[in-house]
Amino acid sequence: MPENSADRAGARPSPHDLAPPTPIPAGLVVLVGPPASGKTSFVRALVERRQIEAEAVVSSDEMRLELFGAVSEPADSDAADAADARIFEERDRRIAARLAAGRSVIAESTNVTPQARERLIALARRFGAPVTVLRFAPDVAGLLQQYAERGRTDLSAADVRAYAAVMSRDAGADRLRAEGAAAVHDVPGRREAVTPAGAAARFTFAPGRPPGR
């Protein structure tokens, strides 16, 4: 019998490697995780592996770039509030359009606060769509390392710590289920020595109804 790569390396496969992928039903998928936790890399891997279509991902950062040409917040607080309102109105419109058509949609933003999730879960309820939450661990040391590597200028290390603290306090699995999530799954990452492609391979996504039906 030929050796596999794990045998050659003298390592045993993890239980996750042996388990079948976790199925995600058609509906709303809410990503929950601080900045630099790997959400964007994960959805990019899903698209590259053709597990989801690019149009299924609705990203608040990408929408800010699309609408305003910049990821950073405007300096004026009133302008920033107006920009945020427009971004999230457009996000909600795109999510609603896919849910109304019976298609899956992934809400890619931090979503660490109950208020952010409440707005999304209310949208899903309007269309009778199940909500699946994918959690990205708020491991502060790993977050700060990834933040430093990316050289982000739109937030500070203190911001990253603050997001992680809010998630640790307000986004436990039991709370997420109480808020309306039908299922909550943790997405492995750097802490588990899992690449974005490896994490993506641990899930399968139902696309929902084909367009036009």
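Here the structure is a predicted model, which means the values were calculated and not measured.

Rules of the game
Along each chain, the written sequence defines residue order, and numbers are assigned to residues from 1. Given that this is a predicted model, residues contribute local features only at a pLDDT of at least 70 and side-chain atom pairs are listed and counted only at 80 or more, while totals for whole chains, interfaces and linings are drawn from all residues. In computing side-chain properties, one takes all heavy atoms of the structure into account and sets aside hydrogens as well as water. Each residue gets a pLDDT score, which is the predictor's confidence in that residue and runs from 0 to 100. Contacts are assigned to residue pairs that have any heavy atoms within 4.5 Å of one another. Helix and strand assignments follow DSSP, with helices taken as H or I runs no shorter than four residues and strands as E runs no shorter than two, numbered in order from the N terminus. Multiplying one less than the number of residues by 1.5 Å gives the expected span of a helix. Exposure is judged per residue with a 1.4 Å probe applied to protein chains only, and the accessible area is read against the type maximum: over 50% gives exposed, under 20% gives buried, and values in between give partly exposed. Starting at the helix axis, one direction is taken to each C-beta atom, and the arc is that of these directions. Distance and chemistry together define a polar contact, namely a pair of N or O atoms within 3.5 Å, with one atom able to donate a hydrogen and the other to accept it when in protein, and with adjacent residues in sequence counting only for side-chain atoms on both sides. For helices, the fitted line uses only the C-alpha atoms of the stretch in contact; every axis is such a line through C-alpha atoms, and the angle between N-to-C directions lies from 0 to 180 degrees. With respect to orientation, any angle under 35 degrees is reported as roughly parallel, any angle over 145 as roughly antiparallel, any angle of 65 to 115 as roughly perpendicular, and every other angle as oblique. Throughout, a crossing is termed right-handed when the near helix is turned clockwise from the far one, and left-handed when it is turned anticlockwise from it by less than a right angle. Any two strands between which DSSP finds at least two bridges are classified as paired. One side-chain nitrogen of Lys or Arg within 4 Å of one carboxyl oxygen of Asp or Glu is enough to make a salt bridge.

## Some thoughts on the confidence of the model for the protein chain
- Taken over all residues, the pLDDT of the protein chain has a mean of 87, while the share at 70 or more is 87%.
- Confidence over residues 1–11 falls short of pLDDT 50; this stretch has three contacts with residues more than four positions distant or in other chains.

## What about helix α8 (residues 157–170)?
- The end-to-end C-alpha separation of α8 is 20 Å, in line with the 20 Å expected for 14 residues at 1.5 Å each.
- Every buried residue of α8 is accounted for by Val 160, Ala 164, Val 166, Met 167 and Asp 170. For α8, the angular spread of the buried residues around the axis is 160°, confining them to a single face. Away from its buried face, by an angle of more than 90 degrees, α8 presents the exposed residues Ser 168 and Arg 169.
- At its buried positions, α8 is contacted by β2 (28–32), α6 (114–126), β5 (131–136), α7 (140–150) and α9 (173–179).

## Things to note about unusual backbone geometry
- The phi angle at Ala 36 is positive, at roughly 70°, despite the residue not being glycine.
- With respect to the secondary-structure elements, Ala 36 resides in the loop between β2 and α3 (39–48).
- A relative accessible area of 6% means that Ala 36 is categorised as buried.
- Its identity as a non-glycine residue notwithstanding, Ala 193 has a phi of 60°, on the positive side.
- Its place among the elements puts Ala 193 in the loop between β6 (183–187) and α10 (196–200).
- According to the relative accessible area criterion, Ala 193 is exposed, its value standing at 71%.

## Here we look at the side chain of Arg 91
- Relative to the helices and strands, Arg 91 resides in helix α5 (residues 77–100).
- Looking at Arg 91, its side chain comes within polar contact range of the side chain of Asp 92, at 3.0 Å.
- Each residue touching Arg 91, except ones within four places of it in the same chain, is listed here: Val 58, Met 63, Ser 109, Asn 111, Arg 119 and Leu 120.

## A word on the packing of α5 against α6
- Interaxial distance between α5 and α6 falls to 10 Å at its minimum, and their mutual angle equals 30°. For the element pair α5 / α6, the angle class is roughly parallel. Remark: the crossing between α5 and α6 carries right-handed chirality. Residues Phe 88, Glu 89, Arg 91, Asp 92, Ile 95, Ala 96 and Leu 99 of α5 pack against Arg 119, Leu 120, Leu 123 and Ala 124 of α6.

## Details of the sheet that holds strand β4 (residues 105–108)
- Across the sheet, five strands lie side by side as β3-β4-β2-β5-β6; this open sheet has parallel pairing. Two strands close off the open sheet at either side, each with one partner strand: β3 (57–59) and β6. Strand-to-strand, the axes of this sheet are offset by a mean angle of 20°, without reference to chain direction.
- By the bridge criterion, five bridges tie β2 to β5 in an arrangement that is parallel. Among the inter-strand pairings, Val 29 is bridged to a residue of β5, identified as Thr 132.
- Strands in contact with helix α4 (residues 60–68) are β3 and β4; relative to β3, the strand with the most contacts, it is inclined by about 70°.

## Quick word on the pattern of salt bridges
- For the structure shown, the criterion picks out 16 salt bridges.
- With its nearest N and O atoms 2.7 Å apart, the salt bridge here joins Arg 135 to Asp 186. Placement of Arg 135 in strand β5 and of Asp 186 in strand β6 is noted, with a sequence separation of 51 residues between them.
- Measuring nitrogen to oxygen at the nearest pair gives 3.3 Å for the salt bridge that ties Arg 177 to Asp 174. With Arg 177 and Asp 174 both in helix α9 and three residues apart, this pair spans about one turn of that helix.

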